[in-house]
Amino acid sequence: MKLKINFLILALLFAATLGTAQQIQMPQASPSSKIIQKVGLTDVTVDFSRPSTKGRKIFGELVPFGQVWRTGANGATILTFSTEVIISGTKVPAGAYALYSIPGKSSWTMILSKNTKLWGAIGYEPKDDILRFTATPAKTSRLYDSFEISFNKLTDASANLSIKWEETRVEFTIQTEVDPIVMADIKKQVIDAQITNPALLYQAASYYFTTNKDLNQAYTWIKQSTASDPKYWTLHLQAKIEMSLGKKTEALESATKSKKLAEEGKNLDYVGLNDRLIKSIK
């Protein structure tokens, strides 16, 4: 009897192993996708699946209005932030979150949930929400047969996450902290350290110039950089700062030197940039 039981167990294990091994490889109905976007100094990762319309009416039918939706297919869409971000005025800690939504005709409720282990919205609980906010749907200019998530309107510190399917688009902005981090780095590596590294001096001057901070300080740094190691890109920045400070003679001289070095380095982009800058100075 014991021998028969052992044989039965072995047979069941063999059948289970055989069933697992003999799977037919087929294309996914909703292929998985992953995108990573650098927003400011933050890596934003989106893991999602891409269902297709297949001739079906989506919003209001396949995806009912007023019900929690996985915002994609298969497992819930997962957003991962490498640093703290700000969404709809609320700080969201670094980490991974499931992106759910409640579509509506004129307004969507977007949800970030701490529970990232669910299959779709099965088992979703509001108690796991870390954030809820509203977004306004808009009609797209073309049909999106496949569900799509992308990023647009990128700035130095923010980006819009755009969800598109069928003829509907919903977007929301992800903001990141950049200026305090960069300024702290400049203070540590340049100001407090009294650095003489021309590359770091150029970076600090460039940041001050592009963010409209202290131009005189930026000018001091860039002159120190070009004095020890003149490059066509550093001299070009010096010319732009001099132009902004009203130092046209100095700006013309710096732009001319920058153009000469760019020609020697066969960098036609900077040759053109300097030509336009010289023309604007004259």
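Scope of this entry: the structure provided in the associated data block. Predicted, not measured: the structure shown is a model, and the values here were computed from it.

Digging into the environment of Leu 237
1) Next: Relative to the elements of secondary structure, Leu 237 occurs in helix α5 (residues 232–244).
2) Next: When the C-alpha atoms of Leu 237 and Lys 38 are compared, they prove to be 25 Å apart, with 199 residues separating the residues in sequence.
3) Next: Once residues lying within four places of it in the same chain are set aside, the contact partners of Leu 237 are Tyr 202, Ala 205, Ser 206, Phe 209 and Ile 222.

So, the sheet that holds strand β6 (residues 95–102)
1) Next: The strand order across the open sheet built from six strands is β1-β2-β3-β6-β7-β8, with neighbouring strands paired in antiparallel fashion. Every other strand in the sheet has two partners, leaving β1 (32–39) and β8 (129–135) as the edge strands with one partner each. When strand polarity is set aside, the average angle formed by the axes of neighbouring strands in this sheet is 20 degrees.
2) Next: Sheet topology note: the strand β7 (residues 108–113)/β8 ladder contains six bridges and is antiparallel.

As for the pairing of β6
1) Next: Of all eight residues in β6, six are buried; the element is thus mostly enclosed.
2) Next: As paired elements, strand β3 (residues 77–81) and β6 share five bridges and run antiparallel to each other. Paired with Leu 79 across the bridge in β6 is Tyr 97.
3) Next: Sheet topology places β6 next to β7; five bridges connect them, and they run antiparallel. Looking at the pairing, Ile 102 lines up with Thr 109 of β7.
4) Next: Linking β6 to β7, which pair antiparallel, is a turn of five residues.

Description of the pattern of salt bridges
1) Next: Under the defined criterion, the tally for this structure stands at twelve salt bridges.
2) Next: Here Asp 129 and Arg 132 are joined by a salt bridge, their closest N and O atoms 2.8 Å apart.
3) Next: A salt bridge links Lys 257 to Glu 253; the nearest nitrogen and oxygen atoms lie 3.3 Å apart. Placement of the pair is Lys 257 and Glu 253 together in helix α6 (residues 248–264), with a separation of four residues, close to one helical turn.

Examining the nonpolar core
Generally speaking, a soluble globular protein has its nonpolar side chains buried in company with each other.
1) Next: By size, the foremost hydrophobic cluster in this structure holds 31 residues, and its most contacted members are Phe 81, Ile 87, Met 110, Leu 112, Leu 161, Phe 172 and Ile 174.
2) Next: When residues of this core are traced back to their parent elements, those giving at least two are β2 (42–49), β3, β4 (85–87), β6, β7, β8, β9 (138–152) and β10 (158–176).
3) Next: For this core, the element with the highest residue contribution is β10, accounting for seven residues.
4) Next: Apart from residues no more than four positions distant in its own chain, Leu 161 is found in contact with Val 46, Leu 79, Ile 149, Ser 150, Phe 151, Val 170, Glu 171, Phe 172 and Ile 174.
5) Next: One finds Val 178, Phe 209, Ile 222 and Leu 237 within the second-largest nonpolar core, a separate group that totals 16 residues.

Parameters at a glance
- Residues numbered from 1 in each chain as written.
- Predicted model: local features only at pLDDT ≥ 70, side-chain atom pairs only at ≥ 80, totals over all residues.
- Heavy atoms only, no water.
- Helix = DSSP H or I, 4+ residues; strand = E, 2+ residues; numbered from the N terminus.
- Contact = heavy atoms within 4.5 Å.
- Pairing = 2+ DSSP bridges.
- Axes fitted to C-alpha atoms, helices over the stretch in contact; angles between N-to-C directions.
- Buried < 20%, exposed > 50% of the residue type's maximum accessible area, 1.4 Å probe, protein only.
- Salt bridge = Lys/Arg side-chain N within 4 Å of Asp/Glu carboxyl O.
- Core = buried A, V, L, I, M, F, W, Y, C linked by side-chain atoms within 4.5 Å.

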